[in-house]
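Coordinates in review
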Amino acid sequence: VFEMMDGFLKNDPVSLQKDILDHVEFTVARSRFSFDDFEAYQGMAHSVRDRLIERWHDTQQFFKKKDPKRLYYLSLEFLMGRSLSNSVINLGVRDQYMDALNQLGFSFEILAEQEGDAALGNGGLARLSACQMDSLATMDFPAWGYGLRYQFGLFRQVILDGFQHEQPDYWLNFGNPWEIERVDVSYAVKFYGTVEEKSLNGMNCKVWIPGETVEAVAYDNPIPGYGTRNTINLRLWAAKPSGQYDMESFGTGDYINAVIDRQKAETISSVLYPDDRSYQGKELRLKQQYFFVSASVQDIIRRFKDSHSSFDEFHEKIALQLTDTHPSLAIPEVIRVLVDEEQLSWKEACDIACKIFSFTTHTVVPEGLEKIPVDLLGSLLPRHLQIIYDINFSFMEELKQRFGLDYNRLSRMSIVEEGAVKNILMANLSMVVCHTVNGVSRVHLDTLKSKVFKDFYELWPQKFHHKTNGVTQRRWLVVSNPGLCGLISKWLGTDSWIREVDLLLGLREHAENEELQHEWRMVRRVNKIRLVEFIETMTGMKVSPDAMFDVQIKRIHEYKRQLLNILGIIHRYDCIKNMKDSERRRVVPRVCIIGGKAAPGYEMAKKIIKLCHSVGEMINNDPDIGDLLKLIFIPDYNVSVAEIVIPGSDLSQHISTAGHEASGTGSMKFLMNGCLLLATADGSTLEIIEEIGEENMFICGAKIHEVNMMREKGETIKMPLELARVVRMVRVGYFGHEEYFKPLCDSIESSGDFYLLGHDFPSYLEAQAAADMAFVNQKKWTKMSILNTAGSGKFSSDRTIGEYAEQTWGVEPCRCPF
Ligand SMILES: CCc1ccc([C@H](C)CC(=O)N[C@@H]2O[C@H](CO)[C@@H](O)[C@H](O)[C@H]2O)cc1
């Protein structure tokens, strides 16, 4: 069967036209003679789906035959964005589809716009999971992703009078051609109830009698690799009422309540929690975590048992990656199934768990680490609480062996946090059992070793490593910037950089080549004009493509310092206002673009969004300023918006207070697209500086060690005059809403300026002035831009995944023969 692997579906334009029209008529059920762009999109999407399914089947068959060690990537969030463009590019059929559509009178770009984003995540961690799935597929690793199929993804951000409002994300309303509902793959997931002691053939064993059971149904999302036939699987679970009927309640006629009761089950996977800070003790959040973990573990063990008769090889055939602590209930769940259902001994089960689990943390601040109240866990998952207590007991014994009765250390490292409210510390549980703990950048690991997980590092230094994040160049260059993609292939004389990204280094020697520089600027100009049109569509604002496009797009957080950016813009505005005409002629026109969602309950972040609009309102309507300065807030920022904004950006800002950003991945996407970075020396930026040189960037602000020092000394920084002036403008109501903005001003002036805006403001303004200087010298700027792209290879998720596969998971490529 494998020999004739090229599949039955033909990809010549005529066959594609036929398949698209067939799906319009028979899948979308619209007459093939009259259908609109959205129906054409659906028809096309289903024809692409067919080609994904074909390769997905071949790949799964091949994995089954080869039985390689598999990697299971567990994440509660996957920010996939749109699939159409990425799929046809990775399948290598984009051009054929463009021809087929043209002949049918449709434009590929317009159809691609019809697709809604799959926004099943919040921010960095969620998009990283998506990028890593693309690299796992492209590098032929036998991997699976497991997550939750939220009915409602991340909220839609609607701005009314400058304020953020949240709207439900009905992303499934028009169906989803990129998923396959697997009614044949479902598992019962248990909650609540009690644990009984039973003796089974003389053995004492624990039996969990659940109080509630919910059905987990699989929805498979084929993930195609680029330049390979391998198409791996992202399996997302949806909650359905379980089959068991309690006839009793039906008997007594209150049928409606019984049905409503059962419907309740579906709420588990209904909505994504939109806050990427922390959740203390939300029961539904815990139910979501256990629901997807239990279904995934049952599925993984079922697949193993399909082709293995004992668990001896289990740890050689399976690697389980925990994306932060959100899936770490998988640890007690694996032990529960192996001991309670597969009758392995406690020791055997724990040994296996310690060999298969690895954990990556994505947070820097201890308060971001998840704690689960013991009462809540005890009532929802009584058996798991027992198992965690047992794990903690033997761990505490081991610590006493090692360090004696050092009670402070014991209580700091205990998985069970004593106190008024007893909590389970999920990070401690993960570090006790997992064989590897990874940070997401080199400096993040330093912070974990020296602060967040200091005790554990001293105990198990060999467990601690880092895998600096990466992003996929398929979506963030080939899909979102075809112009630059074509230019790079032309000058490198090959497009194999799309799989071997280090080939981008070959651009370095051409960085000052006039011809390349000219073509580079032309491509970027086209992308800027596309962004100008997008801004007008989204905000009604007309901006000039001649200005420098200065961009900050990411979730709104105080530590990411969008406020510093806005105060810098007020300073620039104030300076221009007080300039004589002669001076104004030397001003470098700027279009400042900010975008990002604030967690619904995060008031300070919402105030920052409103301040951005109020300042923009003033500047954009000030006749004195004209095109010298514009401030645009792009609403409803998501993956698809990023794909339009990033290729059209000249300068991007990554100005977190040093020591607060674990890695950052937005910076890497801008880097690949030749957009220069104005950044603090934080997270992965430190490694970007190494790759492309500080001379090709604009670095500012206190370094991590300086921040720590100032914090330890509790030094109060004298407020620089320039900053005091602009804060004063806000405080006195220059932009209105002074009461509403007061906490923002106080956060800088009176409550200690925790994020050091005062300390960093002067060097921030210097970096901005340096960017102005460089921008007017387009030859210099273009050279820097080319060198940014040339040095971006390290920040491909292919490099990240290669390191994980070799150093953490021990999995090998398993390439499906073409
Ligand atoms: C419990 C709620 C919750 C949900 C998500 C998260 C994420 C871990 C937050 C997040 O996205 N962290 C970001 O992860 C990126 C990928 O590693 C890093 O590049 C960012 O620096 C980090 O902030 C924390 C808490």
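Residues numbered from 1 in each chain as written. Predicted model: local features only at pLDDT ≥ 70, side-chain atom pairs only at ≥ 80, totals over all residues. Heavy atoms only, no water.

Heads up, the rule is: UniProt positions are given in the numbering used here, feature names are shortened, and annotations may be inferred rather than shown by experiment.
With an unreviewed UniProt entry as reference, the protein chain is termed Alpha-1,4 glucan phosphorylase, source organism Dioscorea zingiberensis. The protein chain has a UniProt comment under Cofactor (unreviewed entry) that states "pyridoxal 5'-phosphate". Turning to the protein chain, the UniProt annotation filed under Catalytic activity (unreviewed entry) states: "[(1->4)-alpha-D-glucosyl](n) + phosphate = [(1->4)-alpha-D-glucosyl](n-1) + alpha-D-glucose 1-phosphate".

Digging into the UniProt feature "modified residue: N6-(pyridoxal phosphate)lysine" (unreviewed entry) in the protein chain
Stated precisely, the cut-off is as follows: Put simply, DSSP H or I for four residues or longer makes a helix, DSSP E for two residues or longer makes a strand, and each gets a number counted from the N terminus. Only protein chains enter the calculation, and the probe is 1.4 Å; a residue is then buried if its accessible area is under 20% of its type maximum, exposed if over 50%, and partly exposed in between. Residues count as neighbours in contact if any of their non-hydrogen atoms are within 4.5 Å of one another.
Here the UniProt-annotated "modified residue: N6-(pyridoxal phosphate)lysine" (unreviewed entry) positions come out as Lys669. The residue lysine 669 is located in helix H26 (residues 666–672) in this model. Given a relative accessible area of 8%, lysine 669 falls into the buried group. Excluding anything up to four places from it in sequence, lysine 669 contacts Arg127, Val471, Trp476 and Ile646.

Comments concerning the site of the ligand
The condition that has to hold: Proximity is defined per residue: any heavy atom of the residue falling within 4 Å of a molecule or strand makes that residue near it. Polar contacts, as counted here, are pairs of nitrogen or oxygen atoms within 3.5 Å of one another; within protein the pair requires one atom able to donate a hydrogen and one able to accept it, and residues that are adjacent in sequence qualify only if both atoms are side-chain atoms. Where accessible areas are quoted, they stem from the Shrake-Rupley method and a 1.4 Å probe; at the residue level, only the protein chains shown are allowed to cover. Note that Gly is not counted as nonpolar here; it falls among the polar residues with everything else outside the nonpolar set of Ala, Val, Leu, Ile, Met, Phe, Trp, Tyr, Cys and Pro and the charged set of Asp, Glu, Lys and Arg. For the domains described, the bounds stem from an automatic or database domain assignment.
Looking at the ligand, there are 23 residues lining it, with Arg277, His362, Asn469, Glu661 and Gly664 nearest. Within the backbone of glycine 664, a nitrogen or oxygen atom sits 2.8 Å from an oxygen atom of the ligand. The fraction of the free accessible surface of the ligand (560 Å²) that becomes covered by protein chains is 94%. With three residues, helix H6 (residues 124–138) is the largest single contributor of residues to the shell around the ligand. Here the shell around the ligand is composed, by residue class, of six nonpolar, nine polar and eight charged. There are two domains that each give the shell around the ligand at least three residues, and those are domain 2 (67–82 + 117–434) and domain 3 (480–802).

Considering the pairing of strand S19 (residues 548–553)
Stated formally: Paired strands, in this sense, are two strands between which DSSP finds at least two bridges.
In terms of burial, S19 is a largely internal element, six of the six residues being buried. In this sheet, strand S20 (residues 590–595) lies alongside S19 in parallel orientation, the contact comprising six bridges. Across the sheet, the residue bridging to valine 551 is isoleucine 593, located in S20.

Describing the sheet that holds strand S17 (residues 436–439)
Inclusion rule: To get an axis, fit a line to the C-alpha atoms, keeping to the stretch in contact for a helix; angles then go from 0 to 180 degrees between the N-to-C directions.
In spatial order, the strands read S7-S10-S11-S4-S1-S12-S13-S17-S18; together these nine strands make up an open sheet with mixed pairing. With partners counted over all chains shown, the strands left at the sheet margins are strand S7 (180–191) and strand S18 (464–466), one partner each. For this sheet, the mean angle separating the axes of adjacent strands, direction not counted, is 25°. Judged from the five bridges that link them, strand S1 (residues 70–74) and strand S12 (residues 318–323) form a sheet pairing that is parallel. The residue of S12 that forms the bridge with leucine 74 is leucine 322. Sitting on the sheet, helix H12 (residues 346–356) touches S12 and strand S13 (357–360), and the angle it makes with S13 is about 45°.

Thoughts on the packing of aromatic side chains
Worth spelling out the cut-off: When two rings of Phe, Tyr or Trp (its six-membered ring) have centres within 6.5 Å they constitute a pair, described as stacked for plane angles under 30 degrees, edge-to-face for angles over 60, and tilted for the intermediate range. The rule for a charge over a ring is simple: NZ of Lys or CZ of Arg within 6 Å of the ring centre, and within 35 degrees of the ring normal.
Counted under the stated rule, the structure contains 27 aromatic pairs. With 5.4 Å between their ring centres and 55° between their planes, phenylalanine 311 and phenylalanine 314 make a pair best called tilted. Each of the two residues, phenylalanine 311 as well as phenylalanine 314, counts as buried. The rings of Tyr72, Trp144, Tyr146, Tyr187 and Trp237 are connected pair by pair, giving a single aromatic cluster. The positively charged end of arginine 303 is found above the aromatic ring belonging to tryptophan 144, 3.7 Å away from the centroid.

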